[in-house]
Amino acid sequence: MITGRDLEEAHEAQLLRESNYSEAEFLLEHEHFASWLLFRRHSIDELFETIGSAIHTARPGVEFRYNTYMAQPELSGLNFKSAFAFVDSVRESDYSDQLGTPEGVAVKRAKLMKARRALGYDKPLIAALGVRPNATPEILRASIKAAVDSGCDGLSLGHYDGATMERLRAVRDGMREWEATEADWQHTPDRES
């Protein structure tokens, strides 16, 4: 049985979804949630620092690479900018290219830009490419362009179950097209302006 309270909660959810109510407004309205996120951020940062220190103490040459996996990590308290201070590299594990749409490439590009901003330019950023059937050659080449534009230092192919020779050639061609010259790269911190 639906109660008046159920209808009120449903309408409140609709108001939140369909208004221009921002995340900042939500945090200002719900201070306890903001405090919880800050607690989570400090806890996660401390965990990353502990892991990184333990890895480098045990074996100095081993790299601590973080593979992203959450659509919105900040909702769990993971702040890329502060946590990435303790990693050696990041692999942005977004496979939106396997959607086969320009919108999927736009999602990948945004995630790569977010990761690069947080990581800085002194640590490697690796872009994952999903080479499954919906990832057309055109989409894969566009994904490589997104990786180049965001200053990625390498590519990682994932989900080989759909990696036909046509898709693998598209990756090769995209690399040739977008990495042919140093001028094609956005990320050139060593070059004088």
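Anything mentioned here points back to the structure above.
Residues numbered from 1 in each chain as written. Predicted model: local features only at pLDDT ≥ 70, side-chain atom pairs only at ≥ 80, totals over all residues. Heavy atoms only, no water.

Visitor: Mind showing me how you'd approach the overall build of the chain here?
Guide: Broken down by element type, the chain carries 7 helices and 4 strands. Reading the chain from its N terminus to its C terminus gives the helix and strand order α-α-α-β-α-β-α-β-α-β-α. Rg of the C-alpha trace for the chain: 20 Å, well past the compact-globule value of 16 Å for 193 residues, more than 25% over. Projecting the C-alpha coordinates of the chain onto the three principal axes gives extents of approximately 60 × 45 × 40 Å. When contacts within the chain are restricted to residue pairs at least 6 apart in sequence, those whose partners lie at least 24 apart make up 73%. (Helix = DSSP H or I, 4+ residues; strand = E, 2+ residues; numbered from the N terminus. Rg over C-alpha atoms; globule rule 2.2 N^0.38 Å. Contact = heavy atoms within 4.5 Å.)

Visitor: What is the right way to read the pattern of salt bridges from this model?
Guide: Note on pairing: side chains with opposite charge can pair once their charged atoms come close. Considering all chains together, one arrives at 12 salt bridges under this definition. Lys 108 is paired through a salt bridge with Asp 97; the nearest N and O atoms lie 3.2 Å apart. Remark: Asp 97 occurs in the loop between β2 (89-92) and α5 (102-119) and Lys 108 occurs in helix α5; sequence separation between them is 11 residues. Across this residue pair, the class does not change: Lys 108 and Asp 97 are buried. Linked by salt bridges that have partners in common, Asp 94, Asp 97, Lys 108 and Lys 111 make up one network. (Salt bridge = Lys/Arg side-chain N within 4 Å of Asp/Glu carboxyl O. Buried < 20%, exposed > 50% of the residue type's maximum accessible area, 1.4 Å probe, protein only.)

Visitor: Could you clarify how one ought to interpret the nonpolar core in this entry?
Guide: One broad rule of soluble globular proteins: the nonpolar side chains tend to lie buried together. Membership of the largest hydrophobic core comes to 21 residues, with the highest contact counts inside it found for Phe 48, Tyr 66, Leu 78, Phe 84, Val 87, Leu 112 and Leu 125. Broken down by secondary-structure element, the contributors of at least two residues to this core are α3 (31-58), α4 (80-83), α5, β3 (125-130) and α6 (137-149). By residue number, the principal contributor to this core is α5, which donates 5 residues. Among all residues touching Leu 112, those that are not within four sequence positions of it are Glu 92, Leu 125, Ala 127, Ala 146, Ala 147, Ser 150 and Cys 152. (Core = buried A, V, L, I, M, F, W, Y, C linked by side-chain atoms within 4.5 Å.)

Visitor: Hey, could you run me through the side chain of Ser 93 in this one?
Guide: Of note, Ser 93 is situated in the loop between β2 and α5. One polar contact links Ser 93 to Arg 91, side chain to side chain, over a distance of 2.9 Å. Ignoring sequence-local partners within four residues, the contact set of Ser 93 consists of Asn 67, Thr 68 and Ala 128. (Polar contact = N/O pair within 3.5 Å; in protein donor to acceptor, adjacent residues only side chain to side chain.)

Visitor: Explain the packing of aromatic side chains to me, please; I cannot follow it from the model alone.
Guide: Any pair of aromatic rings gets described here by the distance separating the centres and the angle formed by the planes. Taken as a whole and assessed by the stated rule, the structure comprises 6 aromatic pairs. With centroids separated by 5.9 Å and ring planes inclined at 45°, the aromatic side chains of Phe 48 and Phe 64 adopt a geometry described as tilted. One end of the pair, Phe 48, is in helix α3; the other, Phe 64, is in the loop between α3 and β1 (65-67), and 16 residues separate them in sequence. An identical accessibility class is assigned to Phe 48 and Phe 64; each is buried. Cation over ring: Lys 114 sits above Phe 80, and NZ or CZ is 5.4 Å from the ring centre. (Phe/Tyr/Trp six-rings, centres within 6.5 Å; stacked < 30°, edge-to-face > 60°. Lys NZ or Arg CZ within 6 Å of the ring centre and 35° of its normal.)

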